[in-house]
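Residues per chain, in single letters:
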Amino acid sequence: MTTAPWRDPALPAAARVDDLLSRMTLEEKTAQLYGVWVGAATDGDGVAPLQREMTADYDWDELITHGLGQLTRSFGTAPVDPALGAQALARAQRRIAGAGRFGIPAVAHEECLAGFTAWGATAYPVPLAWGASFDPELVAELGRHIGRDLRSVGVHQGLAPVLDVVRDPRWGRVEETIGEDPYLVGTVGAAYVRGLESAGVVATLKHFAGYASSVGARNLAPVRAGVREFADVTLPPFEMALREGGARSVMASYTETDGVPVSADPRLLDELLRGEWGFTGTVVADYFGVGFLQSQHRVAEDEAGAAHLALAAGIDVELPTLKCYGAPLVGAVRAGRIPESLVDRAARRVLLQKCELGLLDEDWRPEPDGPVDLDSAPNRALAGRLAQESVVLLDNPDGLLPLAPDTRIAVVGPRAADALAMLGCYSFPSHVLPHHPEVPLGIPIPTVLDALRAELPDARVTFAEGCGVSDPDASGFAEAVARAAEADVCVAVLGDRAGLFGRGTSGEGCDVADLRLPGVQGELLDALVATGVPVVLVLLTGRPYALGRWHGRLGAAVQAFFPGEEGGPALAGVLSGRVNPSGRLPVSVPRAPGGQPWTYLQPPLGLAGEVSNLDPTPLYPFGHGRSYTTFAWEDFTGGDVTEIGTDGSYDLSLTVRNTGDRAGAEVVQLYLHDPVASVTRPDVRLTGYRRLELSPGESRRLTFRFHADLSSFTGRTGARVVEPGALELRLGPSSAEVRHTARLRLTGPVRVVGPERTLRCEVEVTEAG
């Protein structure tokens, strides 16, 4: 028997796909352009926006006779034992391959934002905690672990990471982001992509682009970002994750910028992404994003019109289930409304990716190779390490922490004894199990209360909830105050409940009007402080909250951003001193709750000044975090003005020494200050960093290799430029504190730079001299 060219693995992928496309009917080609969501609810509350309205019934057996592009969330829709789920997915793939003429299986995709969103899978810290770790290599290892778990059950594509840069912390999806700085988001996000892709899983960058800049922090609201904000804040993390991470898919954002929905914007999805950046992978729609062009944006009169706009813009795959790219698309092509060439272009991209994944090979098989364990001991150890590195010690003015091992501790608060307090909205127990209250969590998740009792067995630990997360009932205050008054120290564990579409205080569709603690938790904290017993505030949240009301009144303050299944032991370790806190803030913590949604990337008029009575200066700045040890920054090379060309580079070095009596980690941060430019610039912005772990007395030499490209920005003509003139490179432990300054003068002409510019500041670590 002669093997068709498209089946021949010895041929180039392009030749194989061209041969296959030439043999396919219009229906078979369009079938590669949509996913199907088996088991998606069509009534009640959903896990995607407008799921009930946008999900239609279909005949599965009839549908797959033409083939199928993607299978949506076989594991992430309902609780299923992972081993049984892998077998069911393999059977479904066999049916899909057996039903069509060409025997091509579907790409199976799943959410993997804070771990594989499946029952029984490890629930890792959320991306905001990744940012707090300032540890890209650890996040790359996280991506590898998640990728291996996905592949072990037959999943090919992961819908992560989120590369949106926080612009307003009131937005519900802040927990899903890595932080408020594009360099931090880009470096950490690219590391996650590298890890996921190294396991053979297609990483999907989302949400491209502008989603986090929605007006008033409302989910899916219009975006009013200017050209320079879009180019210099929103886009760089995506560019870095594509160039350095090798991501093979991009998800189009729901939003519209200046009246143009992303899903219908060829300038963004085709001219920039594919033309300027050279992206060759697939662009997928966010769930129901193609249909939203008709129902929400109202730029298409019918489903065929929405399909035409999306295909022409560059969206290759409609997710999560067919609506516009099915019969409406086929009918419009046959009627001459839509060129078949648009279908061919998208189908070719989809099939090239399937070819890369081995799905066009005759020896393809969907069955798992071995036993399935999605919450292995190595997974849990990694989850614990990342949780520990992400905990931020905000303040410890009098050294109350670590706690004495035999002290009397009153643990108070609605987040202390709830396992779900550790998890973000895309962890399976928070995302899916609210619809299945009879099903257990599927993984062990120690609470802060349980972990603290295990951590300090000689301590006398009492507990009172005090209040709920968001309800107004204060009847539990009396018991909480009584427990605190009897103790030597009160640990107040407050924060968020993750959920979806208003069913939580943080998460997708859970936006807030201001940044005060949810419900009556602030009043509970007031009552605890009023006892006179030292209070340690422990926050388990998905966003920063305003803490100025209690500044100077607390014994200590600890911030954790949904630290995952091992977050309880990590926090208990920080409180006991077993863990030396090393997290740094990926978002600023505001002083006051209302009216000043603020990130540190502010030009001069965005800073405090005499022109307004409102002071937006944060209580704790971006990059802030304290330790139980101390560090000296010594032998800095720099200070005098140095001239380099606008295409030049400059090295600055310093020695960091642990001057305390215990091991710890310092995060050295490099910020750029541009005193004069042709357009207004942020006063400072992160341009390099390095996390450094040191034993007592140990020291290391750090060399930051700064290239002039890192000073580039979008100029008045719309081009990205490096301008001659003065620059300052500031080394500090946060965006608000400067330890050392190097002064540069860039000489030569204004230089236009493109996608091949230097994107990161490499940092070399050597033995101290």
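The numbering scheme is per chain: residues are counted from 1 as the chain's sequence reads. Since the coordinates come from a predicted model, pLDDT governs what is reported: local features require at least 70, and pairs of side-chain atoms require 80 or more to be given and counted, while whole-chain, interface and lining totals use all residues. Side-chain metrics in this entry use all non-hydrogen atoms of the structure; hydrogen atoms and water are not considered.

Peer 1: Help me out: how do you make sense of the overall build of the protein chain in this one?
Peer 2: Secondary structure assignment for the protein chain yields 21 helices and 27 strands. Projected onto the principal axes, the alpha-carbon positions of the protein chain cover approximately 80 × 70 × 50 Å. Think of it in three bands: with a 1.4 Å probe and only protein chains considered, a residue is buried below 20% of the maximum accessible area for its type, exposed above 50%, and partly exposed in between. Within the protein chain, the fraction of its 769 residues that count as buried is 63%. In what follows, a contact means two residues having at least one pair of non-hydrogen atoms within 4.5 Å. Put simply, of all contacts in the protein chain between residues at least 6 apart along the chain, 79% involve residues at least 24 apart. Using the Shrake-Rupley algorithm and a 1.4 Å probe, accessible areas are obtained, with residue cover drawn only from the displayed protein chains. Counting only carbon and sulfur atoms, one obtains 49% of the accessible surface of the protein chain, whose full area is about 26500 Å². If you average the places of the 69 positive and of the 97 negative side-chain charges in the protein chain, the two averages end up 2 Å apart. For the purposes of this entry, the term helix denotes a DSSP run of H or I that reaches at least four residues, the term strand denotes a run of E that reaches at least two, and both are numbered from the N terminus. Asp and Glu are treated as the negative residues and Lys and Arg as the positive ones, with His and the ends of the chain left uncounted. Where a charge lies is defined by one atom per residue type, namely NZ (Lys), CZ (Arg), CG (Asp) and CD (Glu).

Peer 1: Looking at this structure, I do not really get the sheet that holds strand β21 (residues 699–707). What am I missing?
Peer 2: Across a sheet, strands are paired by hydrogen bonds formed along the backbone, either parallel or antiparallel in direction. Pairs of strands are assigned from DSSP output, requiring at least two bridges between the strands. As summarised here, the arrangement of the four strands in space is β16-β18-β21-β27, forming an open sheet in which the pairing is antiparallel. Each end of this open sheet is capped by a strand with a single partner; those strands are β16 (631–637) and β27 (762–767). Direction aside, the axes of adjacent strands within the sheet are offset by 25 degrees on average. As judged from the five bridges shared by β16 and strand β18 (residues 649–658), these two strands associate in the antiparallel manner. For E634, the partnering residue across the bridge sits in β18 and is T655. Inter-axis angles, ranging from 0 to 180 degrees, are taken between N-to-C directions of lines fitted to C-alpha atoms, where helices are fitted over the stretch in contact.

Peer 1: How do you make sense of the packing of helix α9 (residues 227–234) against helix α10 (residues 236–245) when you look at a structure like this?
Peer 2: Relative orientation and spacing of two packed helices are given, respectively, by the angle between their axes and the distance between those axes. Following both chains from N to C, one finds α9 and α10 inclined at 35 degrees, their axes separated by 5 Å at the closest point. Where α9 approaches α10, its residues A231, D232, V233 and T234 are matched on the opposing element by P236, P237 and F238. Polar here means any residue outside two lists: the nonpolar Ala, Val, Leu, Ile, Met, Phe, Trp, Tyr, Cys and Pro, and the charged Asp, Glu, Lys and Arg; Gly therefore counts as polar. Of the residues belonging to the contact of α9 with α10, the class tally is five nonpolar, one polar and one charged.

Peer 1: Looking at this structure, I do not really get the pattern of salt bridges. What am I missing?
Peer 2: Two side chains bearing opposite charge may form a pair once their charged atoms approach each other closely. For salt bridges, the criterion is a side-chain nitrogen of Lys or Arg within 4 Å of an Asp or Glu carboxyl oxygen. Evaluated as defined, the whole model comprises 55 salt bridges. A salt bridge links R760 to E244; the nearest nitrogen and oxygen atoms lie 2.6 Å apart. With R760 in the loop between β26 (751–752) and β27 and E244 in helix α10, this residue pair connects regions lying 516 residues apart in the sequence. The partly exposed category is assigned to E244, whose relative accessible area is 26%.

Peer 1: Mind showing me how you'd approach the pairing of strand β15 (residues 556–561) here?
Peer 2: Working note: regular strand, side chains alternate between the two faces of the sheet. Summarising burial for β15: six of the six residues are buried, a large majority. Covered by surrounding structure in β15 are A556, V558 and A560 together with A557, Q559 and F561, the residues of both alternating faces. Note: strand β10 (residues 392–395) against β15, three bridges, orientation antiparallel. Within β15, the position partnered with L393 by the bridge is V558. Two elements, strand β14 (residues 535–541) and β15, share six bridges in a ladder whose sense is parallel. Within the sheet, the bridge partner assigned to T541 lies in β15 and is F561.

Peer 1: Please explain the packing of helix α13 (residues 303–313) against helix α15 (residues 340–356) as it appears in this structure.
Peer 2: Where α13 meets α15, the closest approach of the two axes is 10 Å, and the angle between their N-to-C directions is 55 degrees. Considering their axes alone, α13 and α15 lie oblique with respect to each other. Considering the relative orientation of α13 and α15, their crossing is left-handed. Facing H308, L311 and A312 of α13, the residues of α15 in contact are L342, V343, R345 and A346. Partitioning the contact of α13 with α15 into residue classes produces five nonpolar, one polar and one charged. For classification, angles of less than 35 degrees are called roughly parallel, those exceeding 145 degrees roughly antiparallel, those between 65 and 115 degrees roughly perpendicular, and all remaining angles oblique. Handedness of a helix crossing follows the sense of rotation of the near helix relative to the far helix, less than a right angle counterclockwise being left-handed and clockwise being right-handed.

Peer 1: It is not clear to me how the nonpolar core should be interpreted in this structure. Could you clarify?
Peer 2: Where a protein is soluble and globular, its nonpolar side chains tend to be buried together. Within the largest apolar cluster, 207 residues are counted, with the highest numbers of intra-cluster contacts made by F208, Y325, L652 and F704. If one sorts the elements of this core by residue count, helix α8 (residues 182–198) sits on top with eight residues. Each residue touching L652, except ones within four places of it in the same chain, is listed here: F636, T637, L670, L702, T703, F704, F706, L729, L731 and A742. Buried Ala, Val, Leu, Ile, Met, Phe, Trp, Tyr and Cys residues form a nonpolar core when they are joined through side-chain atoms within 4.5 Å. One finds L401, V493, A560 and Y628 within the second-largest nonpolar core, a separate group that totals 36 residues.

Peer 1: Looking at this structure, how should I read helix α5 (residues 82–99)?
Peer 2: Because each turn of an α-helix spans 3.6 residues, side chains separated by three or four positions in sequence point in the same direction. The span expected for a helix works out to 1.5 Å for each residue beyond the first. Compared with the 26 Å implied by 1.5 Å per residue over 18 residues, the 25 Å span of α5 between its first and last C-alpha is a close match. Buried residues of α5: P82, G85, A86, L89, A90, A92, Q93, I96 and A97, and no others. Seen along its axis, α5 keeps its buried residues to an arc of 165 degrees; they face one direction. In this structure, α5 carries L84, R91 and G98 as exposed residues pointing more than 90 degrees from its buried face. Next to the buried residues of α5 lie α4 (60–63), β2 (70–72) and β3 (107–111). Regarding α5, its N-cap is D81, as a side-chain oxygen of that residue lies 3.0 Å from the backbone nitrogen of A83 further along. As used here, the arc belongs to the directions running from the helix axis to the C-beta atoms. Each polar contact in these results corresponds to two N or O atoms within 3.5 Å; when the atoms are within protein, one needs to be able to donate a hydrogen and the other to accept it, and residues that are neighboring in sequence are counted only if both atoms are side-chain atoms.

Peer 1: What should I look at first to understand α15 in this one?
Peer 2: Taking 1.5 Å as the rise per residue, α15 with 17 residues should run 24 Å; its terminal C-alpha atoms sit 24 Å apart, in good agreement. Every buried residue belonging to α15 is among L342, V343, A346, A347, R349, V350, L351, Q353, K354 and C355, and all of these are buried. G358, located one to two residues past α15, shows a positive phi value of around 80 degrees.

Peer 1: Sorry, what's going on with the sheet that holds strand β9 (residues 282–285) here?
Peer 2: Taken in spatial order, the seven strands make up an open sheet running β1-β2-β3-β4-β5-β6-β9, and their pairing is parallel. Edge positions in the sheet fall to β1 (35–36) and β9, since each has one partner strand and no second. In this structure, strand β6 (residues 249–252) lies alongside β9, joined through four bridges in parallel fashion. Following the sheet pairing, A252 is matched in β9 by A285. Its contacts with the sheet place α5 against β2 and β3, and it is angled at close to 145 degrees to β2.

By themselves, these are just geometric observations and shouldn't be taken as functional.
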